[in-house]
Amino acid sequence: MKRIIVIALLLAIAAASAWWYRQHARAPAELALYGNIDFRQVTLAFNGNGPVAEVLVEEGEQVKQGQVIARLDTSRILPQIDQAMAQVDAQQASLARLKNGTRPEEIAQARANLVAAEAEAANARLQFERQSSLVPRAAASQQTLDNARSAAAVADAKVVATRKALDLLVAGTRIEEIQGADAQLRAAEAQAAFLRAQLADTDLRAPVDAVVRSRLIEPGEMASPTRAAFSLVTISPKWVRAYISEAQLGHIRPGMKAEVRVDSLPGRAIPGWIGFISSVAEFTPKTVQTEELRTSLVFEVRVFVDDPDNVLRLGMPATVRPHLDDAPQKAGG
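Residues numbered from 1 in each chain as written. Predicted model: local features only at pLDDT ≥ 70, side-chain atom pairs only at ≥ 80, totals over all residues. Heavy atoms only, no water.

Student: A description of the packing of aromatic side chains should follow, citing residues and the corresponding values.
Tutor: Considering all chains together, one arrives at two aromatic pairs under this definition. Aromatic side chains tryptophan 239 and phenylalanine 304 sit 5.7 Å apart centroid to centroid with 55 degrees between the ring planes, which places their arrangement in the tilted category. Here the residue tryptophan 239 occupies a position in strand E8 (residues 230–245), and phenylalanine 304 occupies one in strand E11 (residues 297–305), the gap between them amounting to 65 residues. On the basis of an interplanar angle of 25 degrees and a centroid distance of 6.3 Å, the ring pair of tryptophan 273 and phenylalanine 304 is categorised as stacked. With tryptophan 273 in strand E10 (residues 270–283) and phenylalanine 304 in strand E11, this residue pair connects regions lying 31 residues apart in the sequence. (Phe/Tyr/Trp six-rings, centres within 6.5 Å; stacked < 30°, edge-to-face > 60°. Helix = DSSP H or I, 4+ residues; strand = E, 2+ residues; numbered from the N terminus.)

Pasting the structure below:
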C-alpha cells in the first residue's frame, strides 16, 4: 500500500513539474529582441532639366511638407510663358469677335458700298452705250468702245462681289469658324498651362516633414529627373527592425506594447508597440546582435516607437522588451 502511495506521489510530482515547465516555456517572464532604428528615406530629384539657381537647405536641417528646398534657373521659361499668355489673349479676342457677329455699322457700310458699286456699274453701261452709238459715225474709235465694254463688265463684277460681301455680313459667322477659333484658343491655353507646370517644376519641394540627410547638388550644376538632388529621412513613423526566432514567435502579437532602449540613452525606456510581424522566415542579418546563431532562421518584427523629442537616429542599435502580459493596444504605425 505504501509503495502504491509513493508511486502515486511521484507521478503527481512529475505531472506538476511537466505542467510548470510547459507553462513557463510558453510564457517566459521576459523576452528581449535586438535590432536597429529604422525609418523611411526619400530620394528627391527635379522634375525638369536645367541649371540649379539656389539650394536653400543644409544637411541635418528639418523641412516641412511643401517647403521649397531648391530652385532651377527660370530665365528661359518666363519669356515663353509671357508669349503663350499673349497668344491666349489674341485667341480670346478672335473668338469673341466671331461670337459677337457683325456690327450694324459694318452692315450699313457694306450696303453703301453696294449702292456705290451699282451706280458705278450703271454709269459704265451708259458710257458703253454712248460709245457704241458713236463708232458707226466714226466719232469714236473701236479701242474706245472696247475700253468702255471692259469697264462696264468690271463694274458689273464689282456689284456682284459687293452684294455677296453684304450677304455674308448679314448671314453672320459660320459655326465652323467659331469652333475653329475655340479649338485654337484651347490649344493656346494648354500650351500656357504646360509652361506654367514647367515653371512650377523649377521649385523642388519636400514631399513630407523630414530631415535632410544628404545634399547631393549645388548651385550651378545641371539638374535632371535622373539625378538625385537630396536624400531625406522622415520624422515619423520610426520603428525598430528586430528579429525573433521561430521558437519565440508565439509569445508576441501585433499591437502588443513594448519598451525600447538604446545605448545613448541609458536608463530611459521609450514606449512602443509591435506593428508588424513578417510571415516569411529569413536568415538573421549580420548587423543584428542576438544570442542566437547568425545562421538561424528568424522572422522580422517592426516595433514602432513614439519619439516626440526626435532623439532616435537611423541605424541606432536598440533592445526591445515586449510586455508579454499586456493586451494589444495598437495594430500598426
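Student: Describe the sheet that holds strand E5 (residues 203–205), with residues and values.
Tutor: Read from one edge to the other, the open sheet built from four strands follows the order E5-E4-E2-E7, with strand pairing classed as antiparallel. The open sheet has two edge strands with one neighbour each: E5 and strand E7 (222–223). Where strand E2 (residues 50–55) and E7 come together, two bridges link them in antiparallel fashion. Residue proline 51 lies in a different strand from E7, and its bridge partner there is methionine 222. (Pairing = 2+ DSSP bridges.)

Student: Could you give an account of unusual backbone geometry, naming the residues involved and the relevant values?
Tutor: Here serine 236 and proline 237 are connected by a cis peptide whose omega angle stands at 0 degrees. Positionally, proline 237 belongs in strand E8. Positive phi outside glycine occurs at asparagine 310, with the angle close to 55 degrees. Along the chain, the position of asparagine 310 falls in the loop between E11 and strand E12 (317–322). The class for asparagine 310 is partly exposed, based on a relative accessible area of 23%. (Buried < 20%, exposed > 50% of the residue type's maximum accessible area, 1.4 Å probe, protein only.)

Student: Provide a residue-level description of the nonpolar core, including the pertinent values.
Tutor: Core analysis: the largest hydrophobic core is formed by 24 residues, its most contacted members being Val240, Val260 and Val303. Looking at this core, the elements with two or more residues in it are strand E1 (33–44), E8, strand E9 (257–262), E10, E11 and E12. Not counting the four nearest positions on each side in its chain, valine 240 is found in contact with Gly35, Asn36, Ile37, Val260, Val301, Arg302, Val303, Val305, Ala318 and Val320. Of all hydrophobic cores here, the second largest spans 18 residues; its members include Val63, Leu204, Ala210 and Ile217. (Core = buried A, V, L, I, M, F, W, Y, C linked by side-chain atoms within 4.5 Å. Contact = heavy atoms within 4.5 Å.)

Student: Tell me about the pairing of E1, and name the residues and values.
Tutor: Summarising the sheet, E1 and E12 pair through four bridges and their orientation is antiparallel. Each residue of the ladder has a partner; that of leucine 33, found in E12, is valine 320. Pairing of E1 with E8 involves ten bridges; the strand directions are antiparallel. Opposite glycine 35, over in E8, you have alanine 242 as the bridge partner.

Student: Explain the side chain of lysine 238 residue by residue, including any values.
Tutor: Along the chain, lysine 238 turns up in strand E8. A relative accessible area of 3% places lysine 238 in the buried class. A polar side-chain atom of lysine 238 sits 2.9 Å from a polar atom in the side chain of aspartate 307. With residues up to four places along the chain from it excluded, the contact list for lysine 238 reads Asp38, Phe39, Val303, Phe304, Val305, Asp307, Asn310 and Leu312. (Polar contact = N/O pair within 3.5 Å; in protein donor to acceptor, adjacent residues only side chain to side chain.)

Everything listed is a geometric property; what it means functionally is a separate question.
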